[in-house]
Structures are given as structure tokens and as C-alpha cells.
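The lines below spell out each chain.
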Amino acid sequence: MKLIIAIIKPFKLDEVREALSGIGVAGMTVTEVKGFGRQKGQTEIYRGAEYSTNMVPKIKIEVACGSDLAGRVVEAIQQAANTGAIGDGKIFVLDLAQAVRIRTGEIDETAL
């Protein structure tokens, strides 16, 4: 099993969700986060005054899936979240040792 964590631009969430649903992903966790990478923040104008912020709003998506589906999940996220501009985000793939469905006690891929 794999845990896939993607950091994307907020306005790309619906496209990514639709792409993942299209390949059979049953669920995901979405969190609003802030951070920075190579962008080093951004400059914004608020009420006519320009100010700089070093934390950029992003969306973090977490998807647990079987190892056989992981490659397709990464590809779907990459294609749906891509704008071609700096700050499109990152995708991380981690090994997932165990998953347990609390309600039924199912474990591993049956719990997903």
C-alpha cells in the first residue's frame, strides 16, 4: 500500500478530485495549508496597499491506495494540477505499513 501526499494550488482541487474519482479512488483527505518553496512567498495588493507574505495558501491531499494503483494516482494528480507555472506543487509517495477500518476492524487494502 502507498500513501500519496500532494500539495497543489487551491483552485485545482475540483479538477484533481474529478481525476481521482475517474480512476476509482474511493476517498481522500483534504487540508488547507500554507507554506513556501522555491516561490519564497508572494506579493499581494490589499485595499490598495502592496504587501508581501512568505506563506502561500495551498491544498494538501492525502490518498491511501494499493501499490498497483499508486502510479495512476500520481499521474492523475500531476496532469490535473499542472498549470505550467511556478508553485504547482509537489507529490510525495510513501510506503503505508498498515491501514485499519475502525468500524469493522478490516485491515490493509480491504480497509481502504
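Below is a summary of the structure that appears in this document. (Residues numbered from 1 in each chain as written. Predicted model: local features only at pLDDT ≥ 70, side-chain atom pairs only at ≥ 80, totals over all residues. Heavy atoms only, no water.)

1. A word on the overall build of the protein
And then number 1: Helix and strand counts for the protein come out as two helices and six strands.
And then number 2: Secondary structure elements in the protein, listed N-terminal to C-terminal, are β-α-β-β-β-β-α-β.
And then number 3: Looking at the protein as a whole, 27% of its 112 residues are labelled buried.
And then number 4: Partitioning the intrachain contacts of the protein with sequence separation of at least 6 by distance along the chain shows that 72% fall at a separation of at least 24.
And then number 5: Accessible area of the protein: about 7,400 Å², with a carbon and sulfur share of 51%. (Helix = DSSP H or I, 4+ residues; strand = E, 2+ residues; numbered from the N terminus. Buried < 20%, exposed > 50% of the residue type's maximum accessible area, 1.4 Å probe, protein only. Contact = heavy atoms within 4.5 Å. Areas by Shrake-Rupley, 256 points an atom, 1.4 Å probe, with all protein chains shown as cover.)

2. Some words on the nonpolar core
And then number 1: With 17 residues, the main nonpolar core has Ile8, Val16, Leu20, Ile61, Val73 and Ile77 as its most contacted residues.
And then number 2: Of all the secondary structure elements, the ones that give two or more residues to this core are β1 (2-8), α1 (13-22), β5 (56-65) and α2 (67-81).
And then number 3: For this core, the element with the most residues is α2, which contributes seven residues. (Core = buried A, V, L, I, M, F, W, Y, C linked by side-chain atoms within 4.5 Å.)

3. Structural notes on the packing of α1 against α2
And then number 1: Direction vectors running N to C along α1 and α2 enclose 150 degrees, while the axes themselves pass 8 Å from each other. Judged on the interaxial angle alone, α2 and α1 are roughly antiparallel. For the pair α1 and α2, the sense of crossing is right-handed. For the pair formed by α1 and α2, the contact residues are Glu15, Val16, Ala19 and Leu20 on the first element and Val73, Ala76, Ile77, Ala80 and Ala81 on the second.
And then number 2: Residues belonging to the contact of α1 with α2 are distributed by class as follows: eight nonpolar, no polar and one charged. (Axes fitted to C-alpha atoms, helices over the stretch in contact; angles between N-to-C directions. Parallel < 35°, antiparallel > 145°, perpendicular 65-115°, else oblique. Left-handed = near helix turned anticlockwise from the far one by under 90°. Nonpolar A, V, L, I, M, F, W, Y, C, P; charged D, E, K, R; others polar.)

4. Let's talk about the environment of Lys2
And then number 1: Assignment of secondary structure puts Lys2 in strand β1.
And then number 2: Through-space distance from the C-alpha of Lys2 to that of Asp95 is 4.7 Å; in sequence the pair is 93 residues apart.

5. Examining unusual backbone geometry
And then number 1: Phi angles above zero are rare outside glycine, and Asp108 is one such case at about 55 degrees.
And then number 2: Among the structural elements, Asp108 can be located in the segment after β6 (89-95).

Distances and angles like these do not, on their own, reveal function.
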